[in-house]
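# A structural walkthrough
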Amino acid sequence: MIKIGLIVAMEEESKNIYGRLGRKLSESVEYGYRVTKYTRNGKILYMIGTGIGELNAALATQHLIREYGIDYIINFGVVGSLNKTYKSLDVVAVGEIVHYDFSLNTLDDDSYGKYPMQREKAEFGVDTDMLDKLKSISPDTPIVKIASGDKFVAKHELRDWIINKFSADICDMESMGIYYAAKKYNVPCLFIKAVSDDADETAPVSFESVVENGISAYVSIVEKVVDGL
C-alpha cells in the first residue's frame, strides 16, 4: 500500500485541506508534531505540521519517513514572491531549491548555497518523476526556483540579495529542510506553493491576510497529485 506524507509548516496553511483528504483514521501528537492519518483510494496519507523553520521541517520529515515508511512526500504552503510574475494566491511548483543561508566561508560570497557534495552550483533539483506527474495533472502550473532559509524575508535588502545572487522566484523557510531529509532517505518529494506576499516590508501584513482568509489555492492540485501516485 502506498504511503504518502503531506507536510505543511503551519496549521493555518492546511485548514482547508483536512476535510478533503479522505477517511480519517487517527490523530496523535508525536515528539511535538501533530500527525493525522487518512485512507484515500487505497493509499494511506500522513499529514504532519512541522512548525516554522528548516530544523523543524527536517526533523518532522525524518520522523515521518522513519516512523511510517513513507513512499512519497508532498509539501505545500505559502511563500514569498521574488519574481513580479507571481502574485498573491498564484500556485507554483518547485523545480529547483537553493539554501541561501548555507555557506562554508562567509568571506567568500561565491560559497553561498554550495554544499560539499555539490560545490559547482547551489541549486538542487527535485524528483523529476513527481514533477512530471504534476505537469501531466496541471500543465499550466509554473515550475520555479525557490530560495529557502531560516529567515522570514521582509526586508528589501535581503530580498534583492537573494534575487541577484540566485535568480530565485519564490522564498520560504522550510523547503530545504524537507528536501534534505527526504534526499537522505531516498524518498521523492514534490513542493506545491501558493504566493502570499512580495517578500518585502509589506510581507507581514500580506502574509497574515492570506493566512487568515485560508489558503485553498493549492488544495485541488494536491488532491490530484495524491490520486495520481
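Described below are features of the structure shown in this document. (Residues numbered from 1 in each chain as written. Predicted model: local features only at pLDDT ≥ 70, side-chain atom pairs only at ≥ 80, totals over all residues. Heavy atoms only, no water.)

So, about empty space enclosed by the protein. Applying the stated rule across the entire model yields one cavity of 30 Å³ or more. Estimated volume of the largest cavity: approximately 50 Å³. What lines the largest cavity is a set of 12 residues, and nearest its centre among them are Ala-9, Asn-75, Phe-76, Glu-174 and Lys-193. Of all the elements, strand E5 (residues 72-81) adds the most residues to the lining of the largest cavity, at four residues. For the lining of the largest cavity, a count of residues per class yields five nonpolar, three polar and four charged. (1 Å grid on protein atoms, 1.4 Å probe; cavity = no way out; pocket = protein on both sides within 12 Å on 5 of 7 lines; lining within 4 Å. Points joined across faces, edges and corners; volume = space filled by probe spheres on them. Helix = DSSP H or I, 4+ residues; strand = E, 2+ residues; numbered from the N terminus. Nonpolar A, V, L, I, M, F, W, Y, C, P; charged D, E, K, R; others polar.)

Before going further, it helps to spend a moment on helix H1 (residues 54-68). Compared with the 21 Å implied by 1.5 Å per residue over 15 residues, the 21 Å span of H1 between its first and last C-alpha is a close match. For H1, every residue scored as buried is listed here: Glu-54, Ala-57, Ala-60, Thr-61, His-63, Leu-64, Ile-65 and Tyr-68. Following H1 by one or two positions, Gly-69 adopts a phi angle in the positive range, close to 65°. (Expected span 1.5 Å × (residues − 1). Buried < 20%, exposed > 50% of the residue type's maximum accessible area, 1.4 Å probe, protein only.)

This next bit is on unusual backbone geometry. With a phi angle near 55°, Tyr-31 is a residue other than glycine that sits in the positive phi range. Tracing the chain through its elements places Tyr-31 in the loop between strand E2 (23-30) and strand E3 (33-40). At Ser-167, a residue that is not glycine, the phi angle is positive and equals roughly 55°. Its location among the elements puts Ser-167 in the loop between helix H3 (156-166) and strand E9 (170-172).

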